Structures are given as C-alpha cells and as structure tokens.
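Close look at the chain arrangement
If you want the building blocks of each chain, they are given just below.
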Amino acid sequence: MDAAEFRRRGKEMVDYIADYMETIERRQVYPDVQPGYLRPLIPEEAPEAPETYEDVVKDIERVIMPGVTHWHSPYFYAYFPTANSYPAMLADMLSGAIGCIGFSWAASPACTELETVMLDWLGKMLKLPQEFIAGTSGKGGGVLQGTASEATLVALLAARSRKVKQIRSEEPDLSEAQVISRLVAYASDQAHSSVERAGLIGGMRMRKIPTDEKFAVRGEALRRAIEEDKAAGLIPFYFCATLGTTPSCAFDRITELGPVCNAEKLWMHIDAAYAGSSFICPEFRPLLDGVEFADSFNFNPHKWLLVNFDCSTMWVKKRSDIIGAFKMDPLYLKHDHQESGLVTDYRHWQIPLGRRFRSLKMWFVFRLYGVRGLQAYIRQHVKLAKEFEGLVRKDGRFEISADVVLGLVCFRLKGSNDVNETLLKRINAARRIHLVPCQLAGRFVLRFAVCARTTESRHVQQAWQHIAELASEVLQ
Ligand SMILES: *Cc1c(COP(=O)(O)O)cnc(C)c1O
C-alpha cells in the first residue's frame, strides 16, 4: 500500500467506522456464535501472495462482525463501560503513525512530556492533593499504565520494596527473604479479582477484609486484621482500597482507613478504576475525600472518561518509591539528561519497557470536550442510572440491592437466587440487551451498568420494559 492508496482507504475506513457507530443499535448487542466459529471462515495458513484490500474489507462483515459483542451499543449494560469517542480514535491513529516507544525522555520527548502534563491536567480536574502533581519540580506525579491491574501490581511491588528497606534499616540482621516471607497485604472482600491476582503474581500473602452492610471496608476492620497479624509475627505492608467496587460500586471508607495505614506505615493504594472519572464533578468529589492519606491512586479514563482503551492513570506521592523498586539502567537505555522534575524515564514506573504514545488520546479528548463536556457526560449516565432505579423501585416484584451512587444499578426479583438466575438467562438468551450478574451477601444480583456513550432515556425505558416482561414469564 502506498501513500496514495492509504489516503483513499483511510477515508473509506473512517466512513465505515462512522457508519458502524451511527447504526450500532440496529446490530444485535450480543453475538450468536459458538466457540470455534471463526477458524472455518478463514484459510488455515497465511496467504503466500498478497491479497487485495477489497478482499480484506469484505471479510470484516463476514468474519469479524458476527462474533463481536457490541460494547458501544446502547443496549449493552454489562460489566462497566469502556470508553469510546471520536477524538480519542483520531488521536490513536496519530499515535499509531508516530509509532514511538517512549521508554525514556530521550526515546521521544513529546511522548513523555505530554504524558506528565496530561496527568497533571487530570490530577487538577480531580483536585488531587498537590503532592500528586508533578509540575516542574514535584516529588510526585502521574504515569499511564495499560490497566488498573498493572497499577495495583506496580503499587504492591513498590510497597514491598519500601517495606523491606525500612525493616532492614531497623533490623540489619534480617535478610530480604526473611522480611518478604513475613509480609502481608490487605484488600476488601469486594476488591476486583486483579487485586488478589497482584498478590499471586507478586508472591505476597493477601488477606481479605470483611465489609460492612454497605459493602465497604471500615477502619476498624482493617485495624483488627493488622493487630492479629502483627501478634502472629507478620509484617503488614500494603492496603488496596477500592472506590467503586466492581460488584456494587461501594466505597471503602478511606477517611477512616487512611490514618490506620499511615500510623502502621502501610502503603495505601486506591483502586477507583470505574468511579474515578466521576470525581471531576464537584458533587461526586467528596467520594475521594481521604485520598490525601494515599501513597498511590489509580483509575481508568478508558472506562468512563471517553478515552479509548488503554488508558489507566496512576499517581504517586513519591516517585522515588516507584523508581527505587524498579530502576534498571543498562548502557543502551542511558541518556544525558538526569531524572528530575523535568525529565522522567517512565520505564522505571511500569513493568514493560515499551510504551505507546497514549497521552495523545487524553489531550484530544480533554480539549475537544472541555471539563464541562466531560462533566455533562458523567452526569448524563448517572441520571440514566437513577431513571432505571426509579423504574425498578416502582415494580413491587423487584428490589434494589445496593445504593445507586453512580451509573450502576444492582437489582433483583424478590425471591430465590434460582429465579434471578433464570431471569438473567432469559435476558441474555433474548439478545436484546446484555447484562452480567454479581453476588452480594450470598444473593444472586443483576447489574445494570449504563455503558454506551449514546445511551438515551428511550433505551433505558425499553430495556426495563423488556426485563419486566421477561420477569412476568419467569414468575408464571
Ligand atoms: C474494571 C476494574 C478493574 C480492572 O481494570 P483493568 O484496567 O481491566 O485492569 C480493577 N478494579 C476495579 C474496581 C474495576 O472496576
């Protein structure tokens, strides 16, 4: 493909994408295919001779689309949203074209510097404490990770390294292995599976803290676990708080937990993967109160802030904590500029070496929506969730299973888990909308998450009518 053809095909692709987005609600939100559907549709081997562009394009509708779950359909209410906007898609095209690998400042200064400034912009939108803002001379600052899972793991490993240093400076006779074998980390029993997984990958003991009737971890519960573990000779070193849990969007009480972590010298990491985007609205910012106690904070603009996957923003108060844990400096990666407020080598802040130019997406989205546009978007989704909650509450057969704070509604038929499982099976088998369940206090619960950018009241109303009709069938 030469530049002339690229120009033509590029414009055609943009048209295809715009058509896809504009007509997405006519597509069935969840595919009908069975496992293994794709292999027979394409050859067993890659082609020896080049094919034509037309050959490839006509296979999009034949091979790919029948097996796509349309996450951006306004009938998609499963999981949590994943972001999608035209400005982000355009920026990603440019990122693909520049195609740099920004592991150090020198490897592509714009890639590093735009990222630092975008993390400052976003940190200021969230009114993060000043220590998290890099500025030109700050000790803290932000970094883009691919996912919240990586942020949780990076924080855990940095916490481990900091605790080992601290203990060995107090008790020089202890070996690193002896300290590590006694470390214990904590998270809510409602934390995302990636938190437990960070413990597995990091080889760290991880203890789940029981939650209260609102599915939130309280300060007292963490304090009790720490006391027990210290009495048993363990060394508590890390607590991962969740703001906006995946099952029910519950909020750990970080104003209580933060002082406990600080007093006990635990690293407090905050995982606000979904809810974090809402903190740009003054009315939701109180949910983040207590962040001043945290060592690191993370959320996913790629969930709810219109920046397409992958874009997970992480801030630390002390960049030296992270760099201290991961720094490696072979000669081929060295350059003349020392790490400072102005020069960041982001490879020390993450697990891989290579990194894409992801901050372009943030820059485009923030400028083309403006803070006001982003706030309006968040508010619209919350409003739709409240509308759905109202519909559920008006139907005496149903109950709401957790406080509706943002864009997620947890609900169920009053009655057995079996009847709710049957209802969910019917909903997903009908393929008109898509939902996933969760378990709350032993109960099978349906989750209705407002996801697509283009969801409107009429979609929510239709979804509810459909659910109510299927419920009548199930209850008969
Ligand atoms: C979605 C979610 C995650 C996982 O996010 P990834 O970026 O896919 O790793 C982690 N924690 C919470 C609370 C989530 O909702």
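Let me sum up the structure you'll find in this document. Starting afresh in each chain, residues are numbered from 1 along the sequence in its written order. Only residues with pLDDT of 70 or above have their local features reported here, since the model is predicted, and side-chain atom pairs are shown and tallied only from 80 upward, although totals for entire chains, interfaces and linings are computed over all residues. Hydrogens and waters are ignored; side-chain quantities use all the structure's heavy atoms.

1. Details of helix 12 (residues 359-394)
As a reminder, the rule being used: Numbered from the N terminus, helices here are DSSP runs of H or I no shorter than four residues, and strands are runs of E no shorter than two. The length a helix should cover is 1.5 Å for every residue beyond the first. Consider a residue and the seven residues that end there alongside the seven that start there; fitting an axis to each set, the bend is the angle between those axes.
Helix length check: helix 12, at 36 residues, gives a terminal C-alpha distance of 44 Å against a target of 52 Å (1.5 Å per residue), a shortfall beyond 12%. The largest bend in helix 12 amounts to roughly 85° and is located at Gly370.

2. Looking at the site of the ligand
Here is the rule: Here a residue counts as near a molecule or strand whenever at least one of its heavy atoms sits within 4 Å of it. Pairing of N or O atoms within 3.5 Å defines a polar contact, subject to two protein rules: one partner must be a possible hydrogen donor and the other a possible acceptor, and residues neighboring in sequence count only if both atoms are side-chain atoms. The Shrake-Rupley method, run with a 1.4 Å probe, gives the accessible areas here. Residue values count only the displayed protein chains as cover.
If you check the shell around the ligand, you find 14 residues, and the closest are Ala148, Ser149, Asp271, Asn300 and Lys303. Take Thr246: an N or O atom from its side chain is 3.2 Å from an oxygen atom of the ligand. In the model, an oxygen atom of the ligand is placed 2.9 Å from a nitrogen or oxygen of the Lys303 side chain. In the complex, the protein chains occlude 88% of the 390 Å² of accessible area that the ligand would expose alone.

3. Brief notes about the pairing of strand 6 (residues 296-299)
Our working definition: Throughout this description, buried means an accessible area under 20% of the type-specific maximum (1.4 Å probe, protein chains only), exposed means over 50%, and partly exposed covers the range between. Only strands joined by at least two bridges in the DSSP assignment are considered to pair.
Burial along strand 6 is two-sided: Ser296 and Asn298 facing one way and Phe297 and Phe299 facing the other are all buried. Direction of pairing for strand 5 (residues 267-271) relative to strand 6: parallel, over a ladder of 3 bridges. When the bridges of strand 6 are listed, Asp271 appears paired with Asn298. Where strand 6 meets strand 7 (residues 312-316), 4 bridges bridge the pair, whose relative direction is antiparallel. Across the sheet, Phe299 pairs through a bridge with Thr313, a residue of strand 7.

4. Quick notes on a nonpolar patch on the surface
Threshold: Surface patches are drawn from residues lacking salt bridges whose relative accessible area is over 30%; two like charges belong together within 9 Å, two nonpolar side chains (Val, Leu, Ile, Met, Phe, Trp, Tyr) within 5 Å. Here, a salt bridge means any Lys or Arg side-chain nitrogen found within 4 Å of an Asp or Glu carboxyl oxygen.
A cluster of nonpolar side chains, Val14, Leu90 and Met93, forms an exposed patch at the surface whose accessible area comes to about 270 Å². By secondary structure assignment, the location of Val14 is in helix 1 (residues 3-22).

5. A closer look at the nonpolar core
As a reminder of what qualifies: We define a nonpolar core as any set of buried Ala, Val, Leu, Ile, Met, Phe, Trp, Tyr and Cys residues linked to one another through side-chain atoms lying within 4.5 Å. Contact criterion: two residues are considered in contact whenever any of their non-hydrogen atoms come within 4.5 Å of each other.
In this structure, Phe239, Ile270, Phe297, Phe411, Leu435 and Phe448 are the most contacted members of the largest nonpolar core, which totals 108 residues. Top contributing element to this core by residue count: helix 12, with 13 residues. With residues near it in sequence (within four places) discarded, Phe239 still touches Tyr186, Ala187, Ser188, Val217, Leu222, Asp252, Leu257, Cys261, Leu266, Trp267, Met268 and His269.

6. Quick notes on the pattern of salt bridges
Taken as a whole, this structure holds 34 salt bridges when the rule is applied. A salt bridge links Arg27 to Glu61; the nearest nitrogen and oxygen atoms lie 2.9 Å apart. Taken together, the positions of Arg27 in the loop between helix 1 and helix 2 (53-64) and Glu61 in helix 2 put the pair 34 residues apart, joining distant regions of the chain. According to the relative accessible area criterion, Arg27 is partly exposed, its value standing at 23%. Accessibility expressed as a relative area gives 38% for Glu61, which makes it partly exposed. Across the salt bridge formed by Glu264 and Lys230, the nearest N and O atoms sit 2.7 Å from each other. Of this pair, Glu264 sits in the loop between helix 9 (254-263) and strand 5 while Lys230 sits in helix 8 (residues 219-231), placing them 34 residues apart in sequence.

7. Thoughts on the side chain of Asn298
Along the polypeptide, Asn298 turns up in strand 6. Asn298 gets classed as buried once you look at its relative accessible area, which sits at 0%. Within polar-contact distance, the side chain of Asn298 engages the side chain of Ser312 at 2.9 Å. Not counting chain neighbours up to four residues away, the residues in contact with Asn298 comprise Ala148, Ala151, His269, Ile270, Asp271, Ala272, Ala273, Ser312, Thr313 and Met314.

8. Section: the pairing of strand 2 (residues 183-188)
Worth spelling out the cut-off: Handedness is read with the strands pointing away from the viewer; a crossover is right-handed when the path from the first strand over the helix to the second is clockwise.
Where burial is concerned, most of strand 2 is hidden: 6 out of the 6 residues are buried. Pairing between strand 2 and strand 4 (residues 235-242): 5 bridges, direction parallel. The residue of strand 4 that forms the bridge with Leu183 is Ile235. For strand 2 and strand 3 (residues 205-209), the ladder comprises 5 bridges, and the chain directions are parallel. Bridging across to strand 3, Ser188 finds its partner in Ile209. In this view, the connection linking strand 2 to its parallel neighbour strand 3 by way of helix 7 (residues 193-202) has right-handed handedness.

9. Comments concerning the packing of helix 8 against helix 9
The line we're drawing: Throughout, an axis means a line fitted to C-alpha atoms (over the contacting stretch in the case of helices), and angles, computed between N-to-C directions, take values from 0 to 180 degrees. The scheme is simple: roughly parallel for angles under 35 degrees, roughly antiparallel for over 145, roughly perpendicular for 65 to 115, oblique for anything else. Here the nonpolar group is Ala, Val, Leu, Ile, Met, Phe, Trp, Tyr, Cys and Pro; Asp, Glu, Lys and Arg are the charged ones; every other residue, Gly included, is treated as polar.
Packing of helix 8 against helix 9 leaves a shortest axis separation of 8 Å and a crossing angle of 25°. As judged from the angle between their axes, helix 8 and helix 9 are roughly parallel. Residues Gly219, Leu222, Arg223 and Ile226 of helix 8 pack against Glu256, Leu257, Val260 and Cys261 of helix 9. Split into classes, the residues belonging to the contact of helix 8 with helix 9 amount to 5 nonpolar, 1 polar and 2 charged.

10. Quick look at the packing of aromatic side chains
The following threshold applies: Note on aromatic pairs: the rings of Phe, Tyr and Trp (six-membered ring only in Trp) are paired at centre separations within 6.5 Å, and the planes decide the class, stacked below 30 degrees, edge-to-face beyond 60, tilted for the rest.
Applying the stated rule across the entire model yields 17 aromatic pairs. Each ring, one from Phe388 and one from Phe411, has its centre 5.3 Å from the other, and the planes form 70°; the classification is edge-to-face. Separated by 23 residues along the polypeptide, Phe388 in helix 12 and Phe411 in strand 9 (residues 408-413) bring together distant segments of the chain. Look at Phe411 and you get buried, because its relative accessible area is 0%.

11. Side note on unusual backbone geometry
The step from Phe309 to Asp310 runs through a cis peptide bond, and the omega angle for that step is 5°. Its identity as a non-glycine residue notwithstanding, Tyr79 has a phi of 50°, on the positive side. Mapped onto the elements, Tyr79 comes out in the loop between helix 2 and helix 3 (86-98). Residue Tyr79 is classed as partly exposed on the basis of its relative accessible area, which comes to 41%. Positioned with a positive phi, Arg431 is a non-glycine residue whose angle comes to about 70°. Counting through the fold element by element, Arg431 comes out in the loop between helix 13 (417-430) and strand 10 (436-440).

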